[in-house]
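Residue-level structure breakdown
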Amino acid sequence: MPKFVRRAAAAALVSAGALYGLAAPPGGQPLVKSATIDKLTAELAARFGESERPRIERGLKQAAEFWRKEDGGDDAFADMARAQIAADSTARNALYARMEFALESLDGHMNEIARDFRRQSDLDLGEIYPFDEVLAGYDPSAHVVDDFFDNRLAFAVLLNFPLTTLEQRLTEGDHWSRRQWAEARLAERFGKRIPASVNLAISEAQSNAARYIARYNIWTHHLTDVRGTRLFPEKQRLLAHWNLRDQIKADYSEGKNGLARQRTLAQVCDRIVTQTIPDVVVDNPHVDWDPATNAVWLAKVHDSDTATPPDMKVTNAPEPDTRYATLFATFQAARQADPYSPTAPTLIARRFDENRQIPEAQVRAMLEEVLSSPLVPRVAALIESRLGRPLEPFDVWYNGFRQRGAITEEQLDAIVKKRYPTAEDYERDIPNLLVALGFSKEKAQYLAAHIVVDPARGSGHALGAQRRADKAHLRTRVEKDGMNYKGFNIAVHEMGHNVEQTFSLNEVDSTLLAGVPNTAFTEALAFVFQAHDLELLGLAKPDPKAQALKTLNDFWATYEIAGVALVDMAVWHWMYDHPDATPADLKAATLGICRDLWNRYYAPVFKKKDVVLTLGIYSHMIDSMLYLPDYPIGHLIAFQIEQQIEKSKNLGGDFERMAKIGNVAPDIWMKEATGAPVGAHALLTATEKALAVVK
């Protein structure tokens, strides 16, 4: 599920993990002479004490890195420095406290404004008009960085608190106090000076991509073969990729029609990725479509609430590479920030070195360790024996390790719809769900009071609060006849995010440390909740075999998504290598990357080459800017967390303890949470043991 990371609405202000500022920023030139810095250092050291010299010199050099022509000359810099540098620890403590309070208010209110402006776009509240799209694309925080440098507040922070490198945080952070970590997070918020126009362009591109993806529905009752056979129920509308993939997973328990359904949806996925899908079939219940032959004709059944448009042209003309044009537009927007980020000069570097705080090479090595594991063919052979047929490419989404007996997706839908006719019904039940997960009644009531449930237009997401007086928002899809099982599964996942967001904002010792080290950690904590969705419906109780099955399920899911993450990484590298490409060029390159990675890591298991549908279908690649590596990292982290919870038998207590660690370096967080750094070893070891249990 696409996620709104904690600081997303204040992205212009927050630059998690930023390194150092610009020595020669675009549009300006460094004006502060080294002699000026030396003179000021001597002057201020004489004024405040020689023991303060190292701090003063560091602060002056940091601030000078960001000084631009429009800020004034040496004299203006000197006046600013004399006014804003703290005389002693009392003044620094006051600045720290003021900024902690002010930034929580700023971030929180900017987040609320952005949430309100996107309300019609994000929620299932009826038609979206052109002005709604303008509102959704507006970023109220886009000018904050400019304003804070213009009014000198950013310089006040840079003069008085240290900017740190990723290497420093990884090598020294174990010995830092919580206050040192909070100061590092405060300083890095001003570690870039990106113009408002660039931030607005990035926000608009992301909004356009999210809107494109949110509307990408397939009406499955209108998928037929040449004989007109319909395999799916009336009015079923599945969002790509989430619902298409989840329907394939559900169809493992669908009996004789299950395999035919899966093959049909796999063809749909392939058509989307290759952009051979007829443009007219996207979110259109007024045409029937045979994905195998790509034939399209006027629908012979009517199962929607809208009339057939009189001017609708029914052809199988393909979608004109819109998928790849949308992706390339996000790249072109993101690279506008590159000149303002010399120490992380690509979005790739910013995602790994700053946002994830894990070097790309380390992430790649973890993913390849899973993909190349000798456990893969062993688990694949087990799946094949359980299916009683050779594996097909869509079996990367095999869901048969999850114990739910013979219950079908339709039966699960019926259970969920009866419980949750509306989003409000789910919201009212949150305290009971949290108690069932292991939280005390009092803690469950506290958490539920901080969560609002909204009906999502897309598949769902969690939008956390950013000030303690606000509430987290849980968005999941609720159909007109009630929430279905897919919506419930997503809701439980998003509830995990919301609980993390509530603890890591309201219970952390400093709001400057609010959140978790990176998105993968909040994904991991959300996976912990999601893994218990069937238990929350009263359908499964864990036992040793169930635990072994769950381990195999986690391993197979990590194997699947690790390849998808490598595709996402490779595609962004290709775009940076080919900045003048066309959407058609990008499509060809993406399909080639999918084929290469499939042939390397999957074809030896599935005995079929050149498959693109499973590695290329993920919507996150289009609308979330190199987000996909967070999923396999999240699976690895989730497994380590779940092992800790299994040992303690205290999900509620452990979840709270972990979420309150806050935004420190990933390995520091993980060692405090579970006793070991982030890695694949725990999952691989447990998978080996699980294979001995499940025959």
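Residues numbered from 1 in each chain as written. Predicted model: local features only at pLDDT ≥ 70, side-chain atom pairs only at ≥ 80, totals over all residues. Heavy atoms only, no water.

Successive side chains on a regular strand alternate, one facing one side of the sheet and the next facing the other. Covered by surrounding structure in strand 3 (residues 287–290) are V287 and W289 together with D288 and D290, the residues of both alternating faces. As judged from the four bridges shared by strand 3 and strand 4 (residues 295–298), these two strands associate in the antiparallel manner. What sits directly across from W289, in strand 4, is V296. As consecutive antiparallel partners, strand 3 and strand 4 are separated by four residues, and within that stretch N294 has a phi angle of approximately 70°, a positive value. (Buried < 20%, exposed > 50% of the residue type's maximum accessible area, 1.4 Å probe, protein only. Helix = DSSP H or I, 4+ residues; strand = E, 2+ residues; numbered from the N terminus. Pairing = 2+ DSSP bridges.)

Here helix 16 (residues 360–371) is twelve residues long and its end C-alpha atoms lie 16 Å apart, about the 16 Å a rise of 1.5 Å per residue gives. By the burial criterion, the buried members of helix 16 are E360, V363, M366, L367, V370 and L371. Seen along its axis, helix 16 keeps its buried residues to an arc of 135°; they face one direction. Next to the buried residues of helix 16 lie helix 15 (347–356), helix 17 (375–387), helix 24 (544–577), helix 25 (583–601) and helix 29 (630–648). (Expected span 1.5 Å × (residues − 1). Arc of directions from axis to C-beta. Contact = heavy atoms within 4.5 Å.)

Geometry of a packed helix pair, given as the angle between the helix axes and the separation of the axes. Between helix 16 and helix 24, the least distance of the axes is 9 Å, while the angle of their chain directions is 140°. One way to sum up the angle between helix 16 and helix 24 is to call them oblique. Crossing handedness for the pair helix 16 and helix 24: left-handed. Together, E360, R364, L367, E368, V370 and L371 of helix 16 and F555, T558, Y559, A562, G563, A565, L566, M569 and H573 of helix 24 make up the contact between the two elements. Here the residues of the contact of helix 16 with helix 24 are counted per class, giving nine nonpolar, three polar and three charged. (Axes fitted to C-alpha atoms, helices over the stretch in contact; angles between N-to-C directions. Parallel < 35°, antiparallel > 145°, perpendicular 65-115°, else oblique. Left-handed = near helix turned anticlockwise from the far one by under 90°. Nonpolar A, V, L, I, M, F, W, Y, C, P; charged D, E, K, R; others polar.)

Turn by turn, an α-helix covers 3.6 residues, leaving residues three or four places apart pointing in a common direction. Helix 8 (residues 153–160) sits mainly inside the fold: seven of its eight residues count as buried. Those residues of helix 8 not exposed but buried are A154, F155, A156, V157, L158, L159 and N160. Residues of helix 8 that are buried in the fold lie against helix 2 (53–65), helix 3 (74–84), helix 4 (89–117), helix 7 (144–150) and helix 10 (178–188).

Time to look at the nonpolar core. If you look at the biggest cluster of nonpolar residues, it comprises 211 residues, and the most contacted ones within it are Y426, W572 and W669. When residues of this core are assigned to their parent elements, the largest contribution, 18 residues, is made by helix 24. (Core = buried A, V, L, I, M, F, W, Y, C linked by side-chain atoms within 4.5 Å.)

Here the focus is the packing of helix 2 against helix 8. Where helix 2 contacts helix 8, the axes come no closer than 7 Å and their chain directions differ by 140°. Relative to helix 8, the element helix 2 lies oblique. By crossing handedness, the relation of helix 2 to helix 8 is classed as right-handed. Contacts between helix 2 and helix 8 involve R55, R58, G59, L60, Q62 and A63 from the first element and F155, L158, L159 and N160 from the second.

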